[in-house]
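# Analysis of the macromolecular model
Below are the chains, spelled out letter by letter.
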Number of protein chains: 2
Amino acid sequence: MKQEDLSSLESVRFRYRAIRHPRMKLILKVQDQILTSLREFLRNEGFTEILAPIIGPATDPGIRGAKQVSIQYYDAPFKIMSSMILYKQMIISSVEKIFALSPNIRLEPPESTKTARHLAEFRQIDLEMIYASYDDAMNTAEELLISVVRDVRGNCSEELKGLGRELNELRGPFKRLTHKEAVELLRSKGYTMSYVEEIPWDAEVALSTWHETPFFVYDYPLTSRGFYDREDPNRPGILRDFDMLYPEGFGEAISGGEREHTYEGVLKRMKLTGVDPDEYSWYLQMLKEGVPHSVGFGIGVERLTRWICGLKTIWEAVPFPKVPGIASP
Amino acid sequence: MKQEDLSSLESVRFRYRAIRHPRMKLILKVQDQILTSLREFLRNEGFTEILAPIIGPATDPGIRGAKQVSIQYYDAPFKIMSSMILYKQMIISSVEKIFALSPNIRLEPPESTKTARHLAEFRQIDLEMIYASYDDAMNTAEELLISVVRDVRGNCSEELKGLGRELNELRGPFKRLTHKEAVELLRSKGYTMSYVEEIPWDAEVALSTWHETPFFVYDYPLTSRGFYDREDPNRPGILRDFDMLYPEGFGEAISGGEREHTYEGVLKRMKLTGVDPDEYSWYLQMLKEGVPHSVGFGIGVERLTRWICGLKTIWEAVPFPKVPGIASP
């Protein structure tokens, strides 16, 4: 049986052939270690694992141009989760620190295939903590990543060797750039950048390429993110949120932030971002009745696997990849 | 804030209120332990955790009257997974023993609400082993359950006490009844039963009620199950498959079996069960090219949680329950 190159799109269409490639087994062994390490770290930090929702009446609208999937759920219009963020704000009223392996669907435009880092189906380890700040969350993210790299280096050295990956030990603290500083750095290198928008994919990759260890970008502008990222009360227009980026051109690792959790605040932001409040009725009712302040983030499991293993494409980092635009198994 | 009874349907509709009920926290703590124990046991047995698919061109048709959910995936008609069974037959060509926390959607009829043990959205720990028999699988299932109960008793005694649950230590071997023996037992107690059909819900509950420890029913008749359960080559009409049932009326725990893995065999069974082969083109092409013999099963996480915690309804066993017919968060 012919064994396709795991990074080709042909291998995605005929995965039942390509899956026999010896590299797949090595990658899956490392991924198993990554999942184990993520959970061990979080349990040791006092997080409880919960079951993530798969579908619901509404989901995360802040997905940068990707489309949500609508379904018919008995008599009601439902969505497949694009992220479980709305539910994380619910659960912390029961358990103060939670995490979940959450399933997500985002129909990215087929052109995104060329970034080699977008999947239409992916999983995050999603976590949330009550009454904490985005500094706390960045610290947790940093320690989490250091811990995973240490475990993989310790337990999967043969697999890393087989994959030709040299993975260096990580040491904190990771560099932390404000969005403004990141924009200034990119401008100084010739990129046309806006202070009030998301960092475009190509600029994000460039920023990532210039770094040799993971780093944070924080304090994104209000106009660049969804309604749930909290605006700093003392610095209007600045969100208390962050991304973590992998080095070596691998790009975005984590997205997180403090939550806007007041009914009035969210409603105002929904209007600003053009989101229809009627679609979020249970969520708004919940906020009206009151939820605690919290912070959280999600770390994509496939992207983490890709970076750890040093893979050319994201579709090597998962056994059954859904590449945008390709109707494969 | 009013705290609803977690077992009411009202509590499902307004979960953001009910979730604050002190019982929820106890249940979630036990569930976290259950997930940890399941994975620890399986890793110790040499299983590798993989990422389960969420959607795909086709999914498990053998879901006893529940409906699959169709979606539009770019230009193609896709389904949300009702189980990952087809994919388990693919992955064992790479890794010989795998498991996954798999997300599943099955639109059960709204009447199923009265069984108190059906959810439209649920998760299984799904596992598969290459070249093993259904006896091996039953042994694994038995040891798995014994191990989970031991861990929960050891680490969550306070939570069990808070929930008013007396959970006894389990000892093997669990009783193993053939489907024929189960039917005879039920007939002897006055149930109208067929030797060639599934055991109906009410009879299954009765059977479960008469037992004080988990038990197996195996060797189901050919006509009662999907195309993927393997017919015994020496006993035509008998499948090499099994269910595990919880005692005390809690009903089905596990469903599993050896896989029909030949192209011709599956095609014949598809015709028999009225499944359109055109919908399973990638799967049939894979079988044509050859996959190894394997066995596997799935254990529902919410039902396991329900039994371990002794909960009146399945919708107490999950933070964000989707009860058939109710469009709740």
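Relevant structure appears above.
A brief structural summary. (Residues numbered from 1 in each chain as written. Chains lettered and ligands numbered in written order. Predicted model: local features only at pLDDT ≥ 70, side-chain atom pairs only at ≥ 80, totals over all residues. Heavy atoms only, no water.)

Scanning chain A from N- to C-terminus turns up 11 helices and 11 strands. In summary, chain A has a C-alpha radius of gyration of 20 Å against a globular reference of 20 Å for 329 residues, a match within 12%. Reported as C-alpha extents along the three principal axes, the dimensions of chain A are approximately 60 × 50 × 40 Å. Looking at chain A as a whole, 64% of its 329 residues are labelled buried. Counted over contacts in chain A with a minimum sequence separation of 6, partners at least 24 positions apart contribute 69%. (Helix = DSSP H or I, 4+ residues; strand = E, 2+ residues; numbered from the N terminus. Rg over C-alpha atoms; globule rule 2.2 N^0.38 Å. Buried < 20%, exposed > 50% of the residue type's maximum accessible area, 1.4 Å probe, protein only. Contact = heavy atoms within 4.5 Å.)

Below, the discussion takes up the sheet that holds strand β6 (residues 121–130) of chain A. Residues and elements named next belong to chain A. Across the sheet, which stays open at both edges, the 8 strands sit in the order β1-β5-β6-β11-β10-β9-β8-β7 with mixed pairing between neighbours. For this open sheet the edge positions go to β1 (48–49) and β7 (175–178), each flanked by a neighbour on one side alone. Strand contacts of helix α3 (residues 22–44): β1, β5 (97–105), β6 and β11 (294–300), with the helix running at about 150° to β5, the strand carrying the most contacts. Helix-sheet contacts for helix α5 (residues 134–155) involve β6, β7, β8 (215–218), β9 (241–246), β10 (251–258) and β11, and the interaxial angle to β11 is about 30°. (Pairing = 2+ DSSP bridges. Axes fitted to C-alpha atoms, helices over the stretch in contact; angles between N-to-C directions.)

A word on the nonpolar core. Tyr283(A), Leu304(B), Trp307(B) and Ile308(B) are the most contacted members of the largest nonpolar core, which has 90 residues in total. Per-element tally for this core: the top contributor is helix α5 (residues 134–155) of chain B, with 10 residues. Grouped together as the second largest cluster of nonpolar side chains are 89 residues, Leu119(A), Ala317(A), Val323(A) and Tyr280(B) included. (Core = buried A, V, L, I, M, F, W, Y, C linked by side-chain atoms within 4.5 Å.)

Residue and element names in this part refer to chain A. Tracing the backbone shows Arg117 in the loop between β5 and β6. A distance of 2.9 Å separates a polar atom in the side chain of Arg117 from a polar atom in the side chain of Glu204. The contact partners of Arg117, leaving out residues within four places of it in the chain, are Trp201, Glu204, Val205, Phe250, Glu252, Arg303, Arg306 and Ile314. (Polar contact = N/O pair within 3.5 Å; in protein donor to acceptor, adjacent residues only side chain to side chain.)

The next point concerns the relation of the copies chain A and chain B. Take chain A, turn it by 180°, move it 0.0 Å along the axis, and it overlays chain B with an RMSD of 0.0 Å. Both copies of the chain, as the preceding transformation shows, are related through a two-fold rotation axis. Every residue of chain A has its C-alpha some distance from the rotation axis, and the shortest such distance is that of Ile71(A), at 3.1 Å. In this assembly, 99% of the residues forming the interface of chain A have copies in chain B that are likewise at the interface, indicating an isologous arrangement. (Least-squares fit on C-alpha atoms with pLDDT ≥ 70 in both.)

As a further point, take the packing of α3(A) against helix α3 (residues 22–44) of chain B. Across the interface, α3(A) lies against α3(B) with an axial gap of 13 Å and an inter-helix angle of 145°. Note on packing geometry: the crossing formed by α3(A) with α3(B) is left-handed. Contacts from Asp32(A), Leu35(A), Thr36(A), Arg39(A) and Arg43(A) of α3(A) reach α3(B) at Asp32(B), Leu35(B), Thr36(B), Arg39(B) and Arg43(B). Of the residues belonging to the contact of α3(A) with α3(B), the class tally is 2 nonpolar, 2 polar and 6 charged. (Left-handed = near helix turned anticlockwise from the far one by under 90°. Nonpolar A, V, L, I, M, F, W, Y, C, P; charged D, E, K, R; others polar.)

Below, the discussion takes up the packing of aromatic side chains. Applying the stated rule across the entire model yields 32 aromatic pairs over all chains. Between the aromatic rings of Tyr73(A) and Phe78(A), the centroid separation amounts to 4.3 Å while the plane-to-plane angle is 20°, which identifies the pairing as stacked. Comparing Tyr73(A) with Phe78(A) shows no difference in burial state: the two are buried. An angle of 45° between the planes, with centres 5.1 Å apart, marks the rings of Tyr87(A) and Trp282(A) as tilted. Separated by 195 residues along the polypeptide, Tyr87(A) in helix α4 (residues 85–91) and Trp282(A) in helix α10 (residues 281–289) bring together distant segments of the chain. In this structure Trp282(A) comes out as buried when scored by relative accessible area, which is 9%. One aromatic cluster is present, formed by Phe14(A), Tyr16(A), Phe320(A), Tyr87(B), Phe227(B), Tyr228(B), Tyr280(B), Trp282(B) and Tyr283(B) through successive ring pairs. (Phe/Tyr/Trp six-rings, centres within 6.5 Å; stacked < 30°, edge-to-face > 60°.)

This part takes up the pairing of strand β3 (residues 70–73) of chain A. All names here are of chain A. Only one face of β3 is covered, namely the one carrying Ile71 and Tyr73; the face carrying Ser70 and Gln72 has none of its residues buried. Note that β3 and strand β4 (residues 76–80) share 4 bridges and pair antiparallel. By the bridge assignment for β4, Ser70 is matched with Lys79. Between the antiparallel neighbours β3 and β4 lie 2 residues, among them Tyr74 with a positive phi of about 50°.

Moving on to the interface of chain A and chain B. Taken together, the contacts link 72 residues of chain A with 71 residues of chain B. Around 5900 Å² of area is buried between chain A and chain B when both sides are counted, 67% of it from carbon and sulfur atoms. One salt bridge in this structure joins Arg17(A) and Glu289(B), with 2.6 Å as the shortest N-O distance. Along the contact surface separating chain A from chain B lie 26 residue pairs in polar contact (both at pLDDT 80 or more). Counting residues per element, the side of chain A that touches chain B draws most heavily on α3(A), which supplies 9 residues. Each residue belonging to the side of chain A that touches chain B can be placed in one class, and the counts come to 45 nonpolar, 13 polar and 14 charged. (Buried area = accessible area lost by both parts, 1.4 Å probe. Salt bridge = Lys/Arg side-chain N within 4 Å of Asp/Glu carboxyl O.)

This brings us to the sheet that holds β3(A). All names here are of chain A. Judged by pairing direction, the sheet is antiparallel, and its 3 strands sit side by side in the order β2-β4-β3 without closing on themselves. Every interior strand has two partners, whereas the edge strands, β2 (55–56) and β3, have only one. When β2 meets β4, the two strands line up antiparallel, connected through 2 bridges. Across the sheet, the residue bridging to Ile55 is Ile80, located in β4.

On to the packing of helix α9 (residues 263–273) of chain A against α10(A). Residue and element names in this part refer to chain A. Interaxial distance between α9 and α10 falls to 8 Å at its minimum, and their mutual angle equals 145°. Each of Tyr263, Val266, Leu267 and Met270 in α9 lies in contact with α10, whose residues at this interface are Tyr283, Leu284, Leu287 and Lys288. Its residues assigned to classes, the contact of α9 with α10 comprises 7 nonpolar, no polar and 1 charged.

Before going further, it helps to spend a moment on the pairing of strand β9 (residues 241–246) of chain B. All names here are of chain B. Of all 6 residues making up β9, 6 are buried, and the element is well covered by its neighbours. Neither face of β9 is open: one carries Asp241, Asp243 and Leu245, the other Phe242, Met244 and Tyr246, and all of them are buried. Inspection of the sheet shows strand β8 (residues 215–218) paired to β9 by 4 bridges, in the antiparallel sense. Within β9, the position partnered with Tyr218 by the bridge is Phe242. Taken together, the 6 bridges between β9 and strand β10 (residues 251–258) define a ladder with antiparallel strand orientation. Across the sheet, the residue bridging to Asp241 is Gly257, located in β10.

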